[in-house]
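Inside the fold
Each chain, letter by letter, is given below.
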Amino acid sequence: MGQEAFETIIGLEVHVQLSTESKAFCRDKTEFGGSPNSQISAISLGHPGTLPFMNKKQVQYATRLGLALNGNINEVNTFDRKNYFYADLPKGYQITQDKKPISVGGYLPIKMGDVWKNIRIHHIHIEEDAGKSIHTLHDSKSFIDLNRAGMPLIEIVTEPDLRSGAEVDAFMTGIRQLVRYLEISDGNMEEGSLRCDVNISIRPKGTDILNNRCEVKNVNSMKFARQAIEFEELRQQKIVEEGGTVAQQTLNFDPAIGVTSPLRSKEDAHDYRYFPEPDLPPIHLSADFLDTERKNITILPWEAFHFLHNELGLPVQEASILSELKDTFIFYKGLLEKVEDKKLLTNFMVNKLLPSLHEKGLSLADSPLSKEGILQFLSLISSEKLSHSIAYQKLFPLWMENPSLHPLDLAESQQWLQEKEEGKIELIFKEIIAEYPQKWSEFTSGKKGLAGFFMGELMKKTGGKSNPKEAMDILISMQNKK
Ligand code: MN
């Protein structure tokens, strides 16, 4: 059987670290990059006699995500202990939600080329992170940093709806964009705020059997996710083609060599012995609480994209760029209402403003250019006081260096403004009229065909440089004045 005889079935468990100021069940700070073991307390270390208490923000953020993904929010939330022994888990268990998680069901729309596909969500639950073991600093010793112990997480568990590395990439990109729109996480994969476990199996195309799956743990970049999936597809296909059965395993992916290797097999898989967390009472979510979170969702990424693409008619690429971040979309939409030439605005945002800010490592929020200034800059172009090329190539860079000055003043001081043609053309027409008074009186008394004669004479005198439409308007207004 060839490669095309199989299809790949993928489900994800995505961990998102929430951007709350304190940890899930205590007041420890959550800032990234603190020196090891500087953001800990008796509670996050799990000392006997200490009691956890729920971070309200974490419940709010998890609820917001559940609503955005069209999940059913459980009005009563309960917590459970997931037990396992590991050096970076001082309590010996993780507080999580097993029986009554925050949200059940729902889906995330992902865009594959021009087609949208809904990836169903099984559920979302609230939990805390474990600490970090560091094995690379010493030959024979390991180190433990417990700053991460108790960090606020939500875990998103999908249905097995994904079929390729490209779809996983689109899903993770979509989740990152969503949590940023919802302002609940920075979604930063490099800093570990977003990571996923990939469950992957293969089956002959056209069947609906679910074969043994392998789980690739803790993938923290889209590139690695794609590489791990490609490697697994080929490895599992080879086993099946040779008549074997894929063993259900937990795998580790080594990005340096692009290979997965077993961490543990099903036989020695953990039995987590889940049981209800006795130290945290159930949480009841009121209708008011849910309403507030519904209101906190101002716009969703796919709504912004549809507005730009389907309502405004922008091409996919421009619509994607302008809806990538909520800030960008809101900024663009705010200007859109005040600008007549929408195409000019779109072009300016996509090809000038955003790339220039990106080059300087600035976000739109850090942009030194005021909205009023941008409107003035655009009106200089649309009113033809300034040519497009001078505006983009000369005025814009000068303005970026002097953002407190007005674009109009800068253009004036550099003598870049184009002279108004109107007065000049009227003067030339007056000369022509003086030369041909007879023809002018025939023209004004109704011989319309003579317009071509006067236009021809004008072009002779200006060397063909005048804008014909503008010149014709002036000629007609002179005729009407007569
Ligand atoms: Mn988890």
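Whatever comes next refers back to the structure up there.
Quantities reported herein were computed from a predicted structural model and do not represent experimental measurements. (Residues numbered from 1 in each chain as written. Predicted model: local features only at pLDDT ≥ 70, side-chain atom pairs only at ≥ 80, totals over all residues. Heavy atoms only, no water.)

What follows is about the packing of aromatic side chains. Here the structure, examined in full by the defined rule, presents 18 aromatic pairs. For the pair F348 and F396, a centre-to-centre distance of 5.8 Å together with 75 degrees between the ring planes defines the contact as edge-to-face. Placement of F348 in helix α8 (residues 342-359) and of F396 in helix α10 (residues 388-401) is noted, with a sequence separation of 48 residues between them. The two residues F348 and F396 agree in class, both being buried. Measuring from ring centre to ring centre gives 5.6 Å for F443 and F454, while their planes differ by 45 degrees; the resulting arrangement is tilted. (Phe/Tyr/Trp six-rings, centres within 6.5 Å; stacked < 30°, edge-to-face > 60°. Helix = DSSP H or I, 4+ residues; strand = E, 2+ residues; numbered from the N terminus. Buried < 20%, exposed > 50% of the residue type's maximum accessible area, 1.4 Å probe, protein only.)

Take α8 next. Its 18 residues place the ends of α8 24 Å apart at the C-alpha level, agreeing with the 26 Å of an ideal helix rising 1.5 Å per residue. Among all positions in α8, only L344, L345, T346, F348, M349, V350, K352, L353, L354, S356 and L357 are buried. Here the buried face of α8 lies against α6 (316-323), α7 (326-336), α9 (371-382) and α10. Phi turns positive, to about 70 degrees, at G361, one or two residues after α8. (Expected span 1.5 Å × (residues − 1). Contact = heavy atoms within 4.5 Å.)

This paragraph deals with the pairing of strand β1 (residues 6-17). With respect to burial, β1 is a largely interior element, 12 of its 12 residues being buried. Both faces of β1 are covered, namely the face carrying F6, T8, I10, L12, V14 and V16 and the face carrying E7, I9, G11, E13, H15 and Q17. In the sheet, β1 pairs with strand β12 (residues 194-204) via 11 bridges, with the strands oriented antiparallel. Residue pairing for β12: I9 is matched across the bridge by S201. (Pairing = 2+ DSSP bridges.)

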